[in-house]
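What follows is each chain in one-letter form.
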Amino acid sequence: MTLELDDIQHILVTRTPALTGRYEFLSFGDAAGGRRWLTELVGRVQSAAEAEATLGASKRWITLAFTYSGLRALGVPDAALTSFPVEFQEGMAARADVLGDTGDNAPEHWAGGLDGDDVHAIAILFARDAAEHARCTTEHDALVARCQGVRTVSHLDLNANPPFSYAHDHFGFRDRLSQPVMKGTGEVPTPGSGDALEPGEFVLGYPDEVGPPTDLPQPEVLSRNGSFMAYRRLQEHVGRFRAFLADNADTPGEQELLAAKFMGRWRSGAPLVLAPDADDPELGADALRNNDFNYGEMDPFGYACPLGSHARRLNPRDTAHNMNRRRMIRRGATYGPALPDGAPEDGVERGIAAFIICASLVRQFEFAQNVWINDRSFHELSNEHDPICGSQDGRLDFTVPRRPIRKVYKGIPAFTTLRGGGYFFLPGLRALRYLAGLTGGEPA
């Protein structure tokens, strides 16, 4: 089956060279106004095929997605709404206990009103540079103003931080290193990244790893070439992270090794399995080598990469059952100013705001949250969560296996805090036109 790249929104396939952008969260107080907003934007949303063909010349990239309440606000008929998965209908905030979003991560503490039912859509406005960002946001503000009943609930401005030669988070770790490859895109997996997967693992309407598609939302025009996105805005407590390293390691070199043990990679991206004792920046930057490893044969006991490290939890590779059914596509960007080297926590929010894209929120995203990130007994550990993005309350541990005696770090603080989230449906381009044409609950 041929992948319809001319109908799939580009974010599913293409990593754009944007250095800035904005996530705009919108509410539709008037269905006709919401459809007018969509009608004016749909022609500017690039397909995967168009984005790939124009990547060098384009300056901006638009992606549109909708919550369950947003589809209802646009006039999607009840019969279609109820055909969507229950977890999408309920939304992320309502499933906080399932996801481990408790304590400081709970929805009542989220920023930007993202815990409310009036968040109906997101416009992802990626821009190549600051000038294009200003132009795009000004133009979008004007569009919102002339569409009756449409308003911005909140927005988050995005920015890359230097060095701009590679993506990295505020902790300084190289990002975008391990992504699944989808059959039909023409992309070739790098060594160690696993075989290309059936498109149905990520895009609705295609066979997945176990067979033909089933239980798709109806009508087909709405679901085909669509996907689901879990949005997570994670504040990164950089000063707290640095302070923990300084309090628990004597020298700068030991601090860097402890940071790598938490992540499973050095800040350069070099994996601990291949560089257990010292960083290797050339390895970290080499896409043909930095994923070419496994855990089961090369590091079964975690002497190089701890069993509970972030990278090992989020991609257990050959040590996980049915791994091909758990892979997810991740897109995102950083926000907030960089904290200068050596500076303590300054109270300014900074972090990473990402989308986890998958065909099944339960089987892929929620499984990862429950079984990989927040399972205390992951890989037979006893009192640990993911040290980077797991729920932490100061009572959990992190274990570094080593001979002759393992090292257990007690009382891991929260290095990240969830500041917002949501479940979105990412329609194909034909589906966007279908939604724009709704009137009285049916297409015009």
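Attention here is on the structure that accompanies the text. (Residues numbered from 1 in each chain as written. Predicted model: local features only at pLDDT ≥ 70, side-chain atom pairs only at ≥ 80, totals over all residues. Heavy atoms only, no water.)

Looking at the element boundaries, P276 is found in the loop between α10 (252–263) and α11 (281–285). For P276, a relative accessible area of 32% gives the class partly exposed. Spatially, the C-alpha atoms of P276 and R44 are 47 Å apart, while their sequence positions differ by 232 residues. Setting aside its immediate chain neighbours within four residues, P276 contacts L257, W266 and A304. (Helix = DSSP H or I, 4+ residues; strand = E, 2+ residues; numbered from the N terminus. Buried < 20%, exposed > 50% of the residue type's maximum accessible area, 1.4 Å probe, protein only. Contact = heavy atoms within 4.5 Å.)

A separate point is the side chain of T63. The topology assignment puts T63 in strand β2 (residues 60–66). Given the relative accessible area of 0%, T63 is considered buried. Non-local contacts of T63, meaning those with residues more than four positions away in its chain, are made with Q9, H10, I11, I122, A123, I124 and L426.

Bringing the nonpolar core into the picture now. Ranked by internal contacts, the top residues of the largest apolar core, which has 88 residues, are Y23, W37, F66 and L435. Counting residues in hydrophobic clusters, the runner-up holds 17 residues, among them F241, L258, L339 and F398. (Core = buried A, V, L, I, M, F, W, Y, C linked by side-chain atoms within 4.5 Å.)

With that settled, consider unusual backbone geometry. Going from Q218 to P219, the amide bond is cis rather than trans, its omega being 0°. Mapped onto the elements, P219 comes out in the loop between β4 (150–159) and α8 (220–223). In the segment running from R403 into P404, the intervening peptide bond is cis, with an omega of 0°. A positive phi angle, close to 65°, is found at R176, a residue other than glycine.

With 12 residues, α10 extends 17 Å from end C-alpha to end C-alpha; this agrees with the ideal 16 Å at 1.5 Å per step. Taken together, the buried positions of α10 are occupied by L258, A259, A260, K261, F262 and M263. Tucked into the core, α10 has its buried residues touching α9 (238–248), α12 (310–314), β8 (398–400) and β9 (407–409). Phi turns positive one or two residues past the end of α10, at G264, with a value near 95°. (Expected span 1.5 Å × (residues − 1).)

This part takes up helix α7 (residues 130–145). Look at α7: 23 Å from first C-alpha to last across 16 residues, which is about the 22 Å you get at 1.5 Å a residue. Residues of α7 that are buried: E132, H133, C136, T137, H140, L143 and V144. All buried residues of α7 fall inside an arc of 125° around its axis, so they share one side. Away from its buried face by more than 90 degrees, α7 exposes A131, T138 and A145. Contacts made by the buried residues of α7 are with β1 (20–28), α1 (31–42), β2, β3 (121–127) and β4. With a side-chain oxygen positioned 3.4 Å from the backbone nitrogen of A131, the residue opening α7 is D129. (Arc of directions from axis to C-beta. Polar contact = N/O pair within 3.5 Å; in protein donor to acceptor, adjacent residues only side chain to side chain.)

What follows concerns the side chain of D397. With respect to the helices and strands, the residue D397 is situated in the loop between α13 (361–373) and β8. In this structure, D397 is in contact with N383, E384, V408, Y409, K410, G411 and I412, ignoring residues within four places of it in sequence.

Glancing now at the packing of aromatic side chains. Applying the stated criterion across every chain yields a total of 26 aromatic pairs. Centroid distance F365 to Y423: 6.0 Å. Interplanar angle 90°. Geometry classified as edge-to-face. Taken together, the residues F365 in helix α13 and Y423 in strand β10 (residues 416–426) connect sequence positions 58 residues apart. When its relative accessible area of 3% is taken as the criterion, F365 is described as buried. One aromatic cluster is present, built from ring pairs that chain together F171, F173, F241, F244, F262, F398, Y409 and F415. When the ring centre of F293 is taken as origin, the NZ or CZ atom of R317, which lies over that ring, is 3.9 Å away. Stacked on the ring of Y409, the Lys or Arg K407 has its end atom at 5.2 Å from the ring centre. (Phe/Tyr/Trp six-rings, centres within 6.5 Å; stacked < 30°, edge-to-face > 60°. Lys NZ or Arg CZ within 6 Å of the ring centre and 35° of its normal.)

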